[in-house]
Amino acid sequence: MRRFRYGLDPLCLLSCGLYAACRWLIRPHTSAVFWHSYSTDYLFIPAALPLMLWVYRRLGLRAHDQFPDWPEIGLHFVVWSIAAEGVAPLLFKSATGDWWDVVTYAVGAVIAGGWWTLASRPGFDLLAPHYTWMEKVLAGPRLQRCRTAWIDELAGTRRLLVAGVGHGPALAAVLRRNPDLRVTCVDASARMLTVARRRARRAGLDMSRLEFVHASLPAWRPPEAHYDAIATHFFLDCFPPRELAAVIATLARAATPGALWVVSDFALPARGPARWRARAVHKLMYLFFRLTTGLPARRLTPPDTLLAAHGFRLQQRATQDWGLLHADLWGRQG
Ligand SMILES: C[S@@+](CC[C@H](N)C(=O)[O-])C[C@H]1O[C@@H](n2cnc3c(N)ncnc32)[C@H](O)[C@@H]1O
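Rules behind the numbers
Residues numbered from 1 in each chain as written. Predicted model: local features only at pLDDT ≥ 70, side-chain atom pairs only at ≥ 80, totals over all residues. Helix = DSSP H or I, 4+ residues; strand = E, 2+ residues; numbered from the N terminus. Near = placed C-beta within 6 Å. Nonpolar A, V, L, I, M, F, W, Y, C, P; charged D, E, K, R; others polar. Core = buried A, V, L, I, M, F, W, Y, C linked by C-beta atoms within 7 Å. Buried ≥ 20, exposed ≤ 12 C-beta atoms within 10 Å, placed from the backbone. Expected span 1.5 Å × (residues − 1). Arc of directions from axis to C-beta. Contact = placed C-beta atoms within 7 Å. Domains from an automatic or database assignment. Pairing = 2+ DSSP bridges. Axes fitted to C-alpha atoms, helices over the stretch in contact; angles between N-to-C directions.

Engineer: Break down unusual backbone geometry for me, with residues and values.
Structural biologist: A cis amide bond links Leu217 with the next residue in sequence, Pro218, at an omega value of 5 degrees. One non-glycine residue with positive phi stands out, namely Phe234, at about 50 degrees. If you trace the backbone, Phe234 turns up in the loop between strand S4 (227-233) and helix H10 (241-254).

Next up, the structure:
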């Protein structure tokens, strides 16, 4: 579950900025009723609620750091509407009750509640329904070429573990090419697994050869020395260095002594324009995934030394797209 950051929440910061701009930049230069009466009311919940919740948390009146939920938002909306539009006009001569203000508070509450509901969703759930078309539009067949580069080398393996399977784009190809293979697919996103399962069913795959596990690495504990092949496609790049080491250690423990490991990932070419281009692509990509999924990594950490530390040796490497992408086949001697 992602942590709510109270006053540092992006919606709260934006709303406070809009409030300040309205109050001190726009109002002094206009007499229009909208700017003086309604222009900041819709900001009440998105700007003030996070700050109030932070105070409650400090006072021990809030027991967690989760995003504001609908009952919390609703309660504050109702109490504030009654206080500002019902009670205040009875107590203060300068205050006037205007029930249109209540409508404006409600609009702000609904927008903020919708945003916080989406933002609180863990990881890739939000992207899951869009992942397939986004990949088609942004990368064409390039990523799939990497995922399927070494499926012939898996001939003879019996148990494949696909970590961070996502929308399951390579499952059909790998099962068709290797009829004796059984595949365990693990992913932290329940919606990604739903998409992968639906996709496998539509492709007419034998579902008894597939197992789907909803779990997060490195906490998930797979059986030890169980899988004779591991696949991580565009997954290891999700982790910062320390977490990556733990994820690779967990997967390496699950691999048999002579296991193969196929890795597809982004890469940083050694020098020149290809390197500059790759740097720009990485920056955009990490920014996008950090904003939409809360991805913990800020940049790519090459997994090579970690794989080597667990006894794996690079057997083949195919690069494409000016070195931006690579597909590796690693193996361990049994
Ligand atoms: C960039 S997507 C790649 C998906 C897929 N392998 C592909 O080739 O398109 C990364 C996937 O890893 C999953 N993931 C990220 N962190 C994870 C973790 N700690 N444990 C398990 N799965 C994770 C995400 O939910 C997502 O489905």
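Engineer: Which residues make up the site of the ligand, and what values go with them?
Structural biologist: In the region of the ligand, 18 residues are neighbours, and Phe124, Gly164, Gly166, Ser189 and His233 sit closest. The class makeup of the residues in the shell around the ligand is 10 nonpolar, 6 polar and 2 charged.

Engineer: Before we move on, could you go through the nonpolar core and cite the residues and values that matter?
Structural biologist: Counting 53 residues, the largest nonpolar core has Leu160, Val183, Ala196, Ile230 and Trp261 as its most contacted members. One finds Phe4, Leu49, Leu53 and Ala109 within the second-largest nonpolar core, a separate group that totals 17 residues.

Engineer: Summarise H10; cite the residues concerned and give the values.
Structural biologist: Compared with the 20 Å implied by 1.5 Å per residue over 14 residues, the 20 Å span of H10 between its first and last C-alpha is a close match. Along H10, the residues classified as buried are Leu244, Val247, Ile248, Leu251 and Ala254. Seen along its axis, H10 keeps its buried residues to an arc of 120 degrees; they face one direction. Buried residues in H10 make contact with strand S1 (159-163), S4, strand S5 (255-266) and helix H12 (304-309).

Engineer: Talk me through the environment of Gly258; I want residue IDs and the actual numbers.
Structural biologist: Tracing the backbone shows Gly258 in strand S5. The spatial distance from the C-alpha of Gly258 to the C-alpha of Trp150 is 17 Å, given a sequence separation of 108 residues. Ignoring anything within four residues of it in the chain, the contact list for Gly258 reads Asp228, Arg332, Gln333 and Gly334.

Engineer: How would you summarise the domain arrangement of the protein chain if you had to cite specific residues and measurements?
Structural biologist: By domain assignment, the protein chain separates into domain 1 (6-120) and domain 2 (128-332). For domain 1 versus domain 2, the distance between C-alpha centres works out to 44 Å.

Engineer: Give a detailed account of the sheet that holds strand S7 (residues 325-332), specifying residues and quantitative values.
Structural biologist: If you walk across this open sheet you meet the 7 strands as S3-S2-S1-S4-S5-S7-S6, and the pairing is mixed. Sheet topology places strand S3 (210-214) and strand S6 (312-320) at the edges, where each strand pairs with a single neighbour. Pairs of neighbouring strands in the sheet enclose a mean axial angle of 15 degrees, with direction left out of account. Sheet topology places strand S2 (residues 182-187) next to S3; 5 bridges connect them, and they run parallel. Each bridged residue has a counterpart across the sheet, and for Thr184 the counterpart in S3 is Glu211.

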